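# Coordinates in review
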Amino acid sequence: MIVGKEFVPSPYQTAAEHMARHLADWIRAVWLQNTAQGLARFEDGFYEEPMSIEYVRSENFPKLHGIDYI
């Protein structure tokens, strides 16, 4: 598993696909870290990188201000 902190747009994926994979990698890493510590319940914050917001804006969402994951 590779988890990166840099957002690099891929010409073969939509912004939504790339962001979904990025979020899934983040969740997987947090889950592995917390379960390794014996935690069954935990909470963590995730924020999209500014470049990913710009990428989504370029795909027909020009007035997008931010993205919240709940």
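Now for a quick tour of the structure. (Residues numbered from 1 in each chain as written. Predicted model: local features only at pLDDT ≥ 70, side-chain atom pairs only at ≥ 80, totals over all residues. Heavy atoms only, no water.)

### As for the overall build of the chain
The following threshold applies: We count a stretch as a helix when DSSP gives it H or I for four or more residues in a row; a strand needs E for two or more, and each element gets its number in order from the N terminus. Throughout this description, buried means an accessible area under 20% of the type-specific maximum (1.4 Å probe, protein chains only), exposed means over 50%, and partly exposed covers the range between. Residues are treated as being in contact if the distance between any of their heavy atoms lies within 4.5 Å. Note on areas: these come from Shrake-Rupley sampling with a 1.4 Å probe, and a residue is covered only by the protein chains present in the view.
Each helix and strand counted, the chain has two helices and zero strands in total. Counting every position in the chain, which comprises 70 residues, the buried fraction comes to 23%. Put simply, 50% of the contacts in the chain that link residues at least 6 apart link residues at least 24 apart. Of the roughly 5800 Å² that the chain leaves accessible, carbon and sulfur atoms contribute 57%.

### A look at helix H2 (residues 50-58)
Residues lying three or four places apart along an α-helix face the same way, a consequence of the helix completing one turn every 3.6 residues. Quick note on the threshold: Starting at the helix axis, one direction is taken to each C-beta atom, and the arc is that of these directions.
What H2 keeps buried is the set Ser-52, Ile-53, Tyr-55 and Val-56. End-on, the buried residues of H2 take up no more than an arc of 155°, which puts them together on one face. Opposite the buried face of H2, at more than 90 degrees from it, the exposed residues are Pro-50, Met-51 and Ser-58. Lining the buried residues of H2 we find helix H1 (15-36). One or two residues past the end of H2 sits Asn-60, with phi positive at roughly 75°.

### As for the nonpolar core
Inclusion rule: Residues belong to one nonpolar core when they are buried, are Ala, Val, Leu, Ile, Met, Phe, Trp, Tyr or Cys, and are joined through side-chain atoms within 4.5 Å.
With six residues, the main nonpolar core is built from Ala-15, Met-19, Ile-53, Tyr-55, Val-56 and Leu-64. Counting only elements with at least two residues in this core, the list comes to H1 and H2. Among residues more than four places away in sequence, those in contact with Leu-64 are Ile-53, Val-56 and Arg-57.

### Considerations on the side chain of Asn-34
Structurally, Asn-34 can be placed in helix H1. With residues near it in sequence (within four places) discarded, Asn-34 still touches Leu-39 and Phe-42.

### Here's the deal with the environment of Tyr-55
You can see Tyr-55 is positioned in helix H2. Linking Tyr-55 and Ala-15, residues 40 residues apart in sequence, is a C-alpha distance of 6.3 Å.

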